[in-house]
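Here are the chains, one letter per residue:
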Amino acid sequence: MAAEHRRGNASWSIDWRLVAATFVLVAIALHLSPPLVAFAIIEVMIFALYASALNLLLSYSGMVSFGHAVYFGLGAYGLAITIAKFGWPMWAGVVAGPLVSAFFGLVYGALCVQLTAIYAAMLTLACAEITFAIVFQWFDFTGGDSGISGHVPAMMGLSPAWFGMVVLVVVTICILALWRVVHAPLGLTIRAVGENPVRAAAMGHGRKRVQLAAFVISAFLSGVAGTLYGIFHGNVFPEYVGVLFTIDGLVMVLLGGLYSFGAGIYGAIVYKLLDNVMAHYFEYWQLVIGVILVLVVLVSPAGIAGLVSTVAARLRGRAG
Amino acid sequence: MIIVQVLQGLMEGVFLFLIASGLTLIFGVSRIVNFAHGSFYMLGAFLTYQIHPWIAAGTPGGFFTSILLCGVLVALIGLAFELVFLRRVYHAEELMQLVLTLAAVLIVRDLTKFFWGLDDVTVVLPDALSGAVIMGDLFLPTYQLAMVTVGVLVLVSLWAVLKFTRAGIVLRAATDDRGMVALLGINQAHVFTAVFTVGSFLAGIAGGFAAAFESVNYLLDARVIVLAFIVVVIGGLGNLYGALFAALGVGVVKSLGLLWAPRLSMVVIFLLMAVVLLFRSLRRTGE
C-alpha cells in the first residue's frame, strides 16, 4: 500500500486534452513573447526533457546518477564532432548526437549496474569525471576548454519562436515516449526492480538487465536534450559535460518531486525561473532553492508535483 | 624526489583521513550519505579564518585553540542540523536524506558567500609554525608535521574509544546491526545524534587546519566532498580502518600524479576508485 501510494499509480492512458492544451499554450507563448522570454522557454523545455530522463532513473529504477551531464553533453558533442570533424551533414549530426549518448550510456551503464546504491552512484561519478577530463584535455578532437563552435548556425538559423516550435515538438514526442516507457511492461519491470529487486528477480526479471535498459533510455533522451541544447547555442563547451549540469538536473528532479512522472518538468520550470528571474534581483538564489528543498522534504515529500496533483484533485472535486 | 613526494602524499593522506573518518562513521551508523560534510569542513575553515586573530594571535597555542574552538562550533551546527532536520528523515526514503543534505550544501554555500564574499581569504600562520624541518633532502613544513600529529592523535583516540569504551561498543554494534542495538534497549536516536556531532567536529577541525594551506573560498566544499567520498568508498562505507588505508593510498597516488601527470591526477584517483569498486563486486559475485 505504502509503495503503491509512493510511486503514484496514475492511469496508463495519455491525457491528450492536457497534452494538446499545454502544446498550444506553449506555442502561443513562443510566438507572442519577446526573444528573451522565448529563449527562456526553449531552455526550460530542453531541461525539462533532460530532467525527465534523469527522473526515470531516480524515481523508477532505483538508481542514482551523479554524472548525468555526460549523456546530456555528449549529445551536443556528438553533433559537433560529427559535423565539424567528420564533415557529416547536419541531419546526420543530429541523429548521431543522441546515439553517442546512448552508446556511452550502454558502456558506463553496464559497469554501473554491477553495483548497487551509493556504490553505483559513485561509479557514475567516476565515469563522468573521467569523461570530463578527456573532453577537457583532448584538444585536437573536442576543442578542449574552448569547445567547438560554428558547426551549426545557432537555432538552425530560425527565429526564436520557430526554433522553439521545433524544440517543443521534439520534447513533446520524447516525453510522451518516456510516458509510454514508464507505463509499458518494460516500465513496470523497471519500477518492480527499483522497488524490490529480490522479488523482481524471483519473477524472472534480473536487476542488472532491466536497470541497464533504463540507463540507456535515460542516456538517449538526455542526449536528445543535449543535442537540442547544442543546436540552440550553436556551440559546445566542456561545461555541458561537467558537474554543474549534473547538479542542475538532480536539483530539478528533487525540487519537482521524486516518484512522480512530472518531476522533471515541474522542476525545470521552477529551477530555471529562479535561475533566470530571481538571479537578477537576489544574488543568493541557491539559498532559496536550498530552503525550498528543505520544505519539500519536511512538508511535501512529493515536491511540486505533489502540490500540483493535490490542487488538481481539489479543483476536480469542486467541479464534480 | 619520489620519496619526498610519497612522504608528501602520506601527509596529505593523514589529512584526508581526518575528513573522511567523520563521513564514514556517520554513514556506518546512520546510513546517511552526508553531502553536507564538505560544507561543515568549509565552515571550519572560514570560522578559523574569522576567529584566529582574536585568540592569542601569532602564537601556536592560540592558533590550535581557535581550530579546536571552530571544531566545537561546527559540531554544534551539525548537532542542530541533526536534531532539527535530519532526524525527521531517518525512516523516509534514502533519497530524502540526500535531498536534505544537498539542501544544506546549497544553503551553507550561499551563506558563506554572504558573510565572507567570493574572494579567497588567507590565514596567516604563526611564525613558530611556518618554518620547516630539514633532514638532508627532505623538507618538511612544521605545520604539516603538526597536522600529521593531530591526525594520528585523532586516529588513536578514535581507535581507543571504539575499542575500549561502552560508547565505542555501542557504535560498533550499531554499524553492524542497528535493529539489534535498538532491541537491546539503546536509544538509536541518541547514537545517531552523537555520531553526527562527532563527525561534524572532525570535519570542522579538518577545515580549520586546511585554512592555512588551501585557498579558502566558497568552492572549498565541492573540492573536498568528492575526495572524501572517494576515500570512504574505497575504504568501504562505514569502515574506519579501510578509510585510513584508502586515505593514505589516495594521498600518495594524488601526490605522485602531481609529479608525473599533473592534469590527470584526479582521473587516476577516479580510475582507482572504479577499479576497486568493480573488483570488489566481482569478488562478491564470485563467492
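See the structure printed just above.
(A) Here's a closer look at the overall build of chain A. What chain A contains, in helices and strands, is 15 helices and two strands. Relative to a compact globule of 320 residues, whose C-alpha radius of gyration would be 20 Å, chain A shows 19 Å and is just as compact. With respect to the three principal axes, the spread of C-alpha positions in chain A is 55 × 50 × 40 Å. Looking at chain A residue by residue over its 320 residues, the buried ones come to 55%. Within chain A, residue pairs in contact and separated by at least 24 positions form 77% of the contacts whose partners lie at least 6 positions apart. If you sum the accessible surface of chain A, you get close to 13,800 Å²; carbon and sulfur atoms cover 72% of it.

(B) How the structure looks around the overall build of chain B. The number of helices and strands found in chain B is 12 helices and two strands. In chain B, the succession of α and β elements from N to C terminus is α-α-α-α-α-β-β-α-α-α-α-α-α-α. What you see for chain B is a C-alpha radius of gyration of 19 Å, in line with the 19 Å of a compact globule of 287 residues. Expressed along its principal axes, the backbone C-alpha trace of chain B runs to roughly 55 × 50 × 40 Å. The contacts of chain B with a sequence gap of at least 6 include a subset with a gap of at least 24, amounting to 76%. Carbon and sulfur atoms make up 70% of the accessible area of chain B, which totals about 12,600 Å².

(C) Spatial organisation of empty space enclosed by the protein. Following the criterion strictly, the structure yields two cavities of 30 Å³ or more and no others. In this model, the largest cavity occupies a volume close to 40 Å³. Together, A:Phe66, A:Leu125, A:Ala128, A:Glu129, A:Phe132, A:Val241, A:Gly242, A:Val243 and A:Thr246 line the largest cavity. Those elements that provide at least two residues to the lining of the largest cavity are helix H6 (117-137) and helix H12 (243-256) of chain A. With four residues, H6(A) is the largest single contributor of residues to the lining of the largest cavity. For the lining of the largest cavity, a count of residues per class yields six nonpolar, two polar and one charged. By volume, the second largest cavity amounts to about 30 Å³. Around the second largest cavity, the lining residues are B:Val4, B:Leu7, B:Gln8, B:Leu138, B:Phe139 and B:Leu140. Contributing elements (two or more residues each) for the lining of the second largest cavity: helix H1 (2-30) and strand E2 (138-141) of chain B. Classifying every residue of the lining of the second largest cavity by side-chain character gives five nonpolar, one polar and no charged.

(D) Examining the interface of chain A and chain B more closely. Counting residues at the interface gives 35 residues for chain A, matched by 37 residues for chain B. The largest contributions to the chain A side of the interface with chain B come from A:Tyr119, A:Met122 and A:Tyr284, which together make up 17% of the buried area. Remark: the boundary between chain A and chain B carries zero salt bridges. Applying the counting criterion to the chain A and chain B interface returns three residue pairs in polar contact (both at pLDDT 80 or more). Looking at the side of chain A that touches chain B, the elements with two or more residues in it are helix H1 (2-7), H6, H12 and helix H14 (285-298) of chain A. Its residues assigned to classes, the side of chain A that touches chain B shows 27 nonpolar, four polar and four charged.

(E) Broad picture of the packing of helix H13 (residues 263-281) of chain A against H14(A). Residue and element names in this part refer to chain A. H14 packs onto H13 with a crossing angle of 145° between their chain directions and a minimal axis gap of 10 Å. The chirality of how H13 crosses H14 is right-handed. The residues of H14 that touch H13, namely those facing Tyr271, Leu274, Asp275, Met278 and Ala279, are Trp285, Gln286, Val288, Ile289 and Ile292. Within the contact of H13 with H14, the residues separate by chemical class into eight nonpolar, one polar and one charged.

(F) Inspection of the environment of A:Glu129 at higher detail. For A:Glu129, the location among the structural elements is in helix H6. Note on A:Glu129: relative accessible area 23%, which makes it partly exposed.

(G) Structural detail: the pattern of salt bridges. One pass over the structure, following the stated rule, counts six salt bridges over all chains. Here B:Arg109 makes a salt bridge to B:Asp221, at a shortest N to O gap of 3.3 Å. Pair noted here: B:Arg109 is in helix H4 (residues 94-116) and B:Asp221 is in helix H10 (residues 220-235), with a separation of 112 residues, a long-range link. For the pair B:Arg109 and B:Asp221, a shared accessibility class is recorded, and that class is buried. Through salt bridges with shared partners, one network takes in A:Glu43, A:Lys272 and A:Asp275.

(H) Layout of helix H8 (residues 160-183) of chain A. The first and last C-alpha atoms of H8(A) sit 34 Å apart over 24 residues, in line with the 34 Å expected at 1.5 Å per residue. Burial analysis of H8(A) places 17 of its 24 residues in the buried class, which makes it a mostly covered element.

(I) Layout of the packing of helix H9 (residues 185-195) of chain A against helix H11 (residues 207-233) of chain A. All names here are of chain A. In the contact formed by H9 and H11, the axes pass within 9 Å of each other and the chain directions differ by 120°. The angle between the axes of H9 and H11 places the two elements in the oblique class. H11 is crossed by H9, and the crossing has left-handed handedness. Contacts from Leu186, Thr189, Ile190 and Val193 in H9 reach Arg207, Val210, Gln211, Ala213, Ala214 and Ile217 in H11. Among the residues forming the contact of H9 with H11, the class breakdown is seven nonpolar, two polar and one charged.

(J) Inspection of the packing of aromatic side chains at higher detail. Tallying each qualifying case throughout the model produces 41 aromatic pairs over all chains. Seen in terms of ring centroids, B:Phe114 and B:Phe115 are 5.2 Å apart; in terms of plane orientation they differ by 75°. Their pairing is edge-to-face. An aromatic cluster is built from A:Phe39, A:Phe47, A:Tyr50, A:Phe72, A:Phe163, A:Tyr229, A:Phe232, A:Phe237, A:Tyr240 and A:Phe245, whose rings are joined through pairwise contacts. Positioned above the aromatic ring of A:Phe47 is the side chain of A:Lys272, whose terminal nitrogen or guanidinium carbon lies 4.2 Å from the ring centre.

What counts and what doesn't
- Residues numbered from 1 in each chain as written.
- Chains lettered and ligands numbered in written order.
- Predicted model: local features only at pLDDT ≥ 70, side-chain atom pairs only at ≥ 80, totals over all residues.
- Heavy atoms only, no water.
- Helix = DSSP H or I, 4+ residues; strand = E, 2+ residues; numbered from the N terminus.
- Rg over C-alpha atoms; globule rule 2.2 N^0.38 Å.
- Buried < 20%, exposed > 50% of the residue type's maximum accessible area, 1.4 Å probe, protein only.
- Contact = heavy atoms within 4.5 Å.
- Areas by Shrake-Rupley, 256 points an atom, 1.4 Å probe, with all protein chains shown as cover.
- 1 Å grid on protein atoms, 1.4 Å probe; cavity = no way out; pocket = protein on both sides within 12 Å on 5 of 7 lines; lining within 4 Å.
- Points joined across faces, edges and corners; volume = space filled by probe spheres on them.
- Nonpolar A, V, L, I, M, F, W, Y, C, P; charged D, E, K, R; others polar.
- Buried area = accessible area lost by both parts, 1.4 Å probe.
- Salt bridge = Lys/Arg side-chain N within 4 Å of Asp/Glu carboxyl O.
- Polar contact = N/O pair within 3.5 Å; in protein donor to acceptor, adjacent residues only side chain to side chain.
- Axes fitted to C-alpha atoms, helices over the stretch in contact; angles between N-to-C directions.
- Left-handed = near helix turned anticlockwise from the far one by under 90°.
- Expected span 1.5 Å × (residues − 1).
- Parallel < 35°, antiparallel > 145°, perpendicular 65-115°, else oblique.
- Phe/Tyr/Trp six-rings, centres within 6.5 Å; stacked < 30°, edge-to-face > 60°.
- Lys NZ or Arg CZ within 6 Å of the ring centre and 35° of its normal.

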